[in-house]
Amino acid sequence: MSDEDDIVLADLPDDELTQQMHDDLYDGLKEEIEEGTNILLARGWTPYKVLTEALVEGMRIVGEDFRDGILFVPEVLLSANAMKAGMFILRPLLAETGAPKVGTMVVGTVKGDIHDIGKNLVGMMLEGAGFEVVDIGINNPVENYLEAIEEHKPDILGMSALLTTTMPYMKVVIDTLVEKGMREDHIVLVGGAPLNEEFGKAIGADAYCRDAAVAVETAKDFMKRKHNQMGVST
Ligand code: B1M
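Residues numbered from 1 in each chain as written. Predicted model: local features only at pLDDT ≥ 70, side-chain atom pairs only at ≥ 80, totals over all residues. Heavy atoms only, no water.

Take the packing of aromatic side chains next. Counted according to the given criterion, the structure contains zero aromatic pairs. It is Lys49 that lies over the ring of Trp45; its NZ or CZ is 4.5 Å from the centre. Directly above the ring of Phe222 sits Arg225, whose terminal nitrogen or CZ lies 4.5 Å from the centroid. (Phe/Tyr/Trp six-rings, centres within 6.5 Å; stacked < 30°, edge-to-face > 60°. Lys NZ or Arg CZ within 6 Å of the ring centre and 35° of its normal.)

So, in structure tokens, the structure goes:
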């Protein structure tokens, strides 16, 4: 029996449990992440605090060791699955705020890119803020965005990219919207670890969002402006 088997998560104080969850996320231990998430919630942690301090922080550590060649794709996939299991528990709780409906957003990861944790998180937080979120998944060519826009008539289009090789595809989508005369009908928000504000401006997005919390604030802000403009013109 290893030391690991002896750890009873429920016996750990909050700080040690959070630390242990970072280790469990690193090791891709899905059931332990589910258990830890439930324990912290039962102790009165808000879903947002569990998300940011236990899960996102753990994934940040995984990201560093992936970058440094200490972790490899199969291990990171296990970490991602464990992270998603925790997010699955938190999602309904984050959405349960009773916030009035603010607007609709279509969100998807761009073509060539299969990273979806950040996008999912953005979707969850926007749902919690009262947005109806249509998640079109990963690896989306421009046609998928156009189809979703046609079907759901969103106020906001959100795009995610985690690779330097896929981020330029966001411009393909925006340029297509311009060509089709649809650009002004939608607020376009972009995000993902390799992006920055300058890139967002350069490709013609309305805003770059550094993280999910900023995405929520930015989306709410743009919706407020949109409603004010409508008020003025009518
Ligand atoms: Co990938 N990967 N990966 N990976 N991966 C990165 C992105 C990388 C930085 C790791 C590294 O340091 N080397 C690197 C990219 C380097 C670069 O381009 N500069 C990288 C690489 C190279 C690759 C592969 C090429 C590896 C390979 O095959 N050799 C490959 C590519 C696959 C592909 O997409 N075609 C690959 C594969 C994978 C896995 C499948 C193993 C897995 C993805 C699992 C999944 O998503 N289901 C994976 C993971 C997990 C990562 C890291 C470790 C973690 C990403 C993550 O989930 N972060 C990542 C390292 C890193 O980012 N430091 C890495 C947690 C998440 C909460 O943060 O996604 O940044 P993030 O989202 C944030 C913000 O960015 C923002 O809000 C979110 C929440 O706060 N945001 C938005 C994101 N999207 C938004 C959209 C918005 C608004 C805000 O719209 C409005």
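Having seen it, we continue.
What follows concerns the coordination of the cobalt atom of the ligand. Four donors placed tetrahedrally about a metal ideally form angles of 109.5 degrees, and six donors placed octahedrally ideally form angles of 90 or 180 degrees. Within the protein, just one atom coordinates the cobalt atom of the ligand: His115 (NE2), at a distance of 2.2 Å. On the secondary structure map, His115 appears in the loop between β1 (103-109) and α6 (117-128). (Donors = N, O, S within 2.8 Å, 3.2 Å for Na, K, Ca; no water. Helix = DSSP H or I, 4+ residues; strand = E, 2+ residues; numbered from the N terminus.)

Okay, the pairing of β1 next. β1 sits mainly inside the fold: seven of its seven residues count as buried. With burial as the criterion, each face of β1 is covered, one bearing Gly103, Met105, Val107 and Thr109 and the other bearing Thr104, Val106 and Gly108. Pairing analysis gives five bridges linking β1 to strand β2 (residues 131-135), with the strands arranged parallel. Across the sheet, Thr104 pairs through a bridge with Glu132, a residue of β2. Taking the sense of rotation as the criterion, the β-α-β connection linking β1, α6 and β2 turns out right-handed. Looking at chain direction, β1 and strand β3 (residues 156-160) are connected through five bridges and run parallel. (Buried < 20%, exposed > 50% of the residue type's maximum accessible area, 1.4 Å probe, protein only. Pairing = 2+ DSSP bridges. Right-handed = clockwise from strand over helix to strand, strands pointing away.)

Attention shifts here to the nonpolar core. Counting 45 residues, the largest nonpolar core has Leu51 and Leu189 as the members making the most contacts within it. The leading source of residues in this core is helix α5 (residues 73-95), at seven residues. In this view, Leu51 contacts Val56, Met87, Leu90, Leu94, Leu121, Met124 and Met125; residues no more than four positions away in its chain are not counted. Within the second largest apolar cluster, 25 residues are counted, among which are Val106, Val110, Val190 and Ala205. (Core = buried A, V, L, I, M, F, W, Y, C linked by side-chain atoms within 4.5 Å. Contact = heavy atoms within 4.5 Å.)

Residues in close proximity to the ligand total 32 residues, the closest being Ile114, His115, Asp116, Ser160 and Thr164. One nitrogen or oxygen atom from the main chain of Gly112 is found 3.0 Å from a nitrogen atom belonging to the ligand. Taken together, the elements giving at least two residues each to the shell around the ligand come down to α4 (47-67), α5, α6, β3 and β4 (187-191). Class assignment of the residues belonging to the shell around the ligand gives a composition of 18 nonpolar, eight polar and six charged. (Near = heavy atom within 4 Å. Polar contact = N/O pair within 3.5 Å; in protein donor to acceptor, adjacent residues only side chain to side chain. Nonpolar A, V, L, I, M, F, W, Y, C, P; charged D, E, K, R; others polar.)

Moving on: a negative patch on the surface. A cluster of like negative charges, contributed by Glu143, Glu147, Glu150 and Glu151, occupies part of the molecular surface. Note on placement: Glu147 falls in helix α7 (residues 142-152). (Patch = residues over 30% accessible without salt bridge, like charges linked within 9 Å, V, L, I, M, F, W, Y side chains within 5 Å. Areas by Shrake-Rupley, 256 points an atom, 1.4 Å probe, with all protein chains shown as cover. Salt bridge = Lys/Arg side-chain N within 4 Å of Asp/Glu carboxyl O. Lys, Arg positive; Asp, Glu negative; His and termini not counted. Charge placed at Lys NZ, Arg CZ, Asp CG, Glu CD.)

A contiguous nonpolar surface patch, about 280 Å² in accessible area, is contributed by Phe66, Val73 and Leu77. With respect to the helices and strands, Val73 occurs in helix α5.

Scanning all chains against the criterion turns up 16 salt bridges. Two residues, Glu127 and Arg91, come together in a salt bridge whose shortest N-O distance is 2.7 Å. Taken together, the residues span a long stretch of sequence, with Glu127 in helix α6 and Arg91 in helix α5 at a distance of 36 residues. In this structure Arg91 comes out as partly exposed when scored by relative accessible area, which is 41%. For Arg210, the salt bridge identified is with Asp211, shortest N-O distance 3.9 Å. According to the relative accessible area criterion, Asp211 is partly exposed, its value standing at 34%. The network of salt bridges with common partners includes Glu57, Arg60 and Glu64.

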